[in-house]
Amino acid sequence: MQALALDLRRKNTQIGFVPTMGFLHKGHLRLMARARQLVGNNGVVVASVFVNPTQFGPAEDYSTYPRDLARDARLCREAGVDIMFVPTAAQMYPKQGRKEFSTFVVEEKLSRSMEGLSRPTHFRGVTTVVAKLFNLVLPTVAVFGAKDWQQAMIVRRMVADLNFPVRIVVAPTVREPDGLAMSSRNQYLSQDERRQATILWRAICRAKEIVRSASKPVSAHLLKQELAMLISTQPAAQVDYIEFFQSDTLDPLEEVEPGAHIAMAVRIGRTRLIDNAKL
Ligand code: AMP
């Protein structure tokens, strides 16, 4: 992959990159379309499919994460992806001998809150694999989804801090008609859980309503209580966190006004879902 990318870069070819963990859905496909738009028809669009073991905690779903490479390949082809990059875990993280892997990239501020609290080693895995993928694919532009807002902001930070010569573009969250953010993990939901899973989007919409109709800033504490109550109307739902923060810095807010960002993680049965939006 790196030899190919070096060759393309020598010829001044733009490389648009979409990193994924596969089991592709319309959210991923939208990122690929955006990458094409950004590099044009003379550019090359690369999509990677790699279920990255280092971003999963020991009790998480690494082994059961849905995988269907044949389907992913077909969808990539249909989406006009030029190169599908599918490294193996053993190639990315050699375990033995002189090549044993022992270097990690750690972002130390933005990755402390929200997902970072619930999943302590998650972002270390994300920044490490994204740094490796950037060095392999040598993209001129990389497209990330707003669905994983904290991740996108951390990647932005890493790219600025470590001077990666790549532009980061964040594309909007693609949703099902009922508002549920598309996710490979939606696959885990039973029919009944799938219905209950719309509560994340409904809670976000409720927060928007409250904040936009208020004549003054709303207490984050009270708003969290109100949303937690709404979410608890769904028997399978269990709130992990609800946070309000400034979009780019992720600085937490005590008072919430229109333009503030909300993010939440909610378990629906055994499936942990996340969502976020600007209010
Ligand atoms: P994943 O395969 O879940 O690691 O996601 C790969 C990329 O697709 C990340 O940049 C995600 O933020 C993005 N993505 C996942 N779901 C969506 C969605 N529903 N809308 C937009 N982007 C998404």
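Up top is the structure these notes are about.
Criteria and cut-off values
- Residues numbered from 1 in each chain as written.
- Predicted model: local features only at pLDDT ≥ 70, side-chain atom pairs only at ≥ 80, totals over all residues.
- Heavy atoms only, no water.
- 1 Å grid on protein atoms, 1.4 Å probe; cavity = no way out; pocket = protein on both sides within 12 Å on 5 of 7 lines; lining within 4 Å.
- Points joined across faces, edges and corners; volume = space filled by probe spheres on them.
- Nonpolar A, V, L, I, M, F, W, Y, C, P; charged D, E, K, R; others polar.
- Axes fitted to C-alpha atoms, helices over the stretch in contact; angles between N-to-C directions.
- Helix = DSSP H or I, 4+ residues; strand = E, 2+ residues; numbered from the N terminus.
- Parallel < 35°, antiparallel > 145°, perpendicular 65-115°, else oblique.
- Left-handed = near helix turned anticlockwise from the far one by under 90°.
- Contact = heavy atoms within 4.5 Å.
- Near = heavy atom within 4 Å.
- Polar contact = N/O pair within 3.5 Å; in protein donor to acceptor, adjacent residues only side chain to side chain.
- Areas by Shrake-Rupley, 256 points an atom, 1.4 Å probe, with all protein chains shown as cover.
- Pairing = 2+ DSSP bridges.

A. Structural context of the layout of surface pockets. Approximately 200 Å³ is the volume found for the second largest pocket. Lining the second largest pocket are 16 residues, with V49, F50, V51, R67 and V86 positioned closest to its centre. Looking at the lining of the second largest pocket, its residues break down into 11 nonpolar, 2 polar and 3 charged.

B. The arrangement of the packing of helix α6 (residues 122–137) against helix α7 (residues 149–161) in detail. At a minimum axis distance of 10 Å, the contact between α6 and α7 shows a crossing angle of 55°. Taken together, the axes of α6 and α7 lie oblique to each other. Here α6 runs over α7; the crossing is right-handed. Contact residues: α6 offers F123, V126, T127, V130, A131 and F134, while α7 offers Q150, Q151, I154, V155, M158 and V159. Tallied by class, the residues present in the contact of α6 with α7 amount to 9 nonpolar, 3 polar and no charged.

C. How the structure looks around the site of the ligand. In the neighbourhood of the ligand, 17 residues make up the surrounding shell, with H28, G145, D148, V174 and M182 lying closest. Contact distances for the ligand include 2.7 Å between an oxygen atom and a side-chain N or O atom of D148. Compared with its free state, where it exposes 480 Å², the ligand has 93% of that area covered by protein. Contributing elements (two or more residues each) for the shell around the ligand: β1 (15–20), α2 (26–39) and β4 (141–145).

D. Broad picture of the sheet that holds strand β10 (residues 271–278). An order of β7-β9-β10 is seen for the 3 strands of this open sheet, with the pairing classed as antiparallel. Each having just a single partner strand, β7 (237–245) and β10 make up the two edges of the open sheet. This sheet shows a mean twist of 15° between the axes of neighbouring strands, independent of strand direction. By the bridge criterion, 8 bridges tie strand β9 (residues 261–268) to β10 in an arrangement that is antiparallel. The partner of I262 across the bridge, within β10, is A277. On the sheet, helix α9 (residues 199–213) packs against β7, β9 and β10 and is oriented at approximately 25° with respect to β10. Across the face of the sheet, helix α10 (residues 220–231) comes into contact with β7 and β9 while running at roughly 155° to β7.

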